[in-house]
Amino acid sequence: MNIYGSILSPYVARCVLAARFKGVKHTLSMLKDGSKSPAYLKINPLGKVPAMKDGKLVLFESTVIVEYLNAKSKTKPLVPTNAKAAAKVRQIAAIFSEYVQPPIIAILRQRDPATTRSWTQS
Ligand SMILES: N[C@@H](CCC(=O)N[C@@H](CS)C(=O)NCC(=O)O)C(=O)O
């Protein structure tokens, strides 16, 4: 499978970490014209990274990709089966999505695009 984006993106990093933890073979790359190119918009119409292609299956949204990776390989489950423990894991993930990642993205947006690599490139 291929994960589209750059490891600089915390959303992409979440997917790469999940794939590594689950032992799912993957590559990380991005289309050369970036996330707003017509070719990439066919993969993710929202023009954001990450997206993922596994055979003919194309997914976007990091939480959906992580859920897919978790379901794809039954070894080393990312979420416990116990309801209370599962809720705690999901709560940590939700806090990260809602409250940690947005300010990180806001900080990354301050970078000078002329001198730094974009998180939508690989
Ligand atoms: N909800 C999305 C957020 C993805 C996201 O915002 N990715 C950023 C990079 S960190 C992006 O592609 N930004 C480019 C843009 O919004 O145009 C997910 O979880 O995958």
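Residues numbered from 1 in each chain as written. Predicted model: local features only at pLDDT ≥ 70, side-chain atom pairs only at ≥ 80, totals over all residues. Heavy atoms only, no water.

Please clarify how the domain arrangement of the chain should be interpreted in this entry.
The accessible area lost on association of the parts is a frequent measure of interface size. According to the domain assignment, the chain contains domain 1 (2-77) and domain 2 (79-113). Distance between the C-alpha centres of domain 1 and domain 2: 16 Å. The interface of domain 1 with domain 2 comprises eight residues on the first partner and 11 residues on the second. Summed over both partners, the interface of domain 1 with domain 2 comes to about 700 Å²; 47% of that surface belongs to carbon and sulfur atoms. One can count zero salt bridges joining domain 1 with domain 2. Here domain 1 is connected to domain 2 by two residue pairs in polar contact (both at pLDDT 80 or more). Sorting the residues of the side of domain 1 that touches domain 2 by element identifies helix 1 (10-22) and helix 3 (62-72) as the ones contributing at least two each. Across the side of domain 1 that touches domain 2, the residue classes break down as four nonpolar, two polar and two charged. (Domains from an automatic or database assignment. Contact = heavy atoms within 4.5 Å. Buried area = accessible area lost by both parts, 1.4 Å probe. Salt bridge = Lys/Arg side-chain N within 4 Å of Asp/Glu carboxyl O. Polar contact = N/O pair within 3.5 Å; in protein donor to acceptor, adjacent residues only side chain to side chain. Helix = DSSP H or I, 4+ residues; strand = E, 2+ residues; numbered from the N terminus. Nonpolar A, V, L, I, M, F, W, Y, C, P; charged D, E, K, R; others polar.)

So what exactly am I meant to see when it comes to the side chain of Ser62 here?
Within the secondary structure layout, Ser62 lies in helix 3. If we skip the residues at most four places from it in the chain, Ser62 touches Tyr11, Arg14, Cys15 and Pro50.

Teacher, can you tell me more about the side chain of Ser35 here?
Relative to the helices and strands, Ser35 resides in the loop between strand 2 (27-29) and helix 2 (38-43). Here the side chain of Ser35 touches Gly47 through a polar contact of 3.2 Å, landing on its backbone oxygen.

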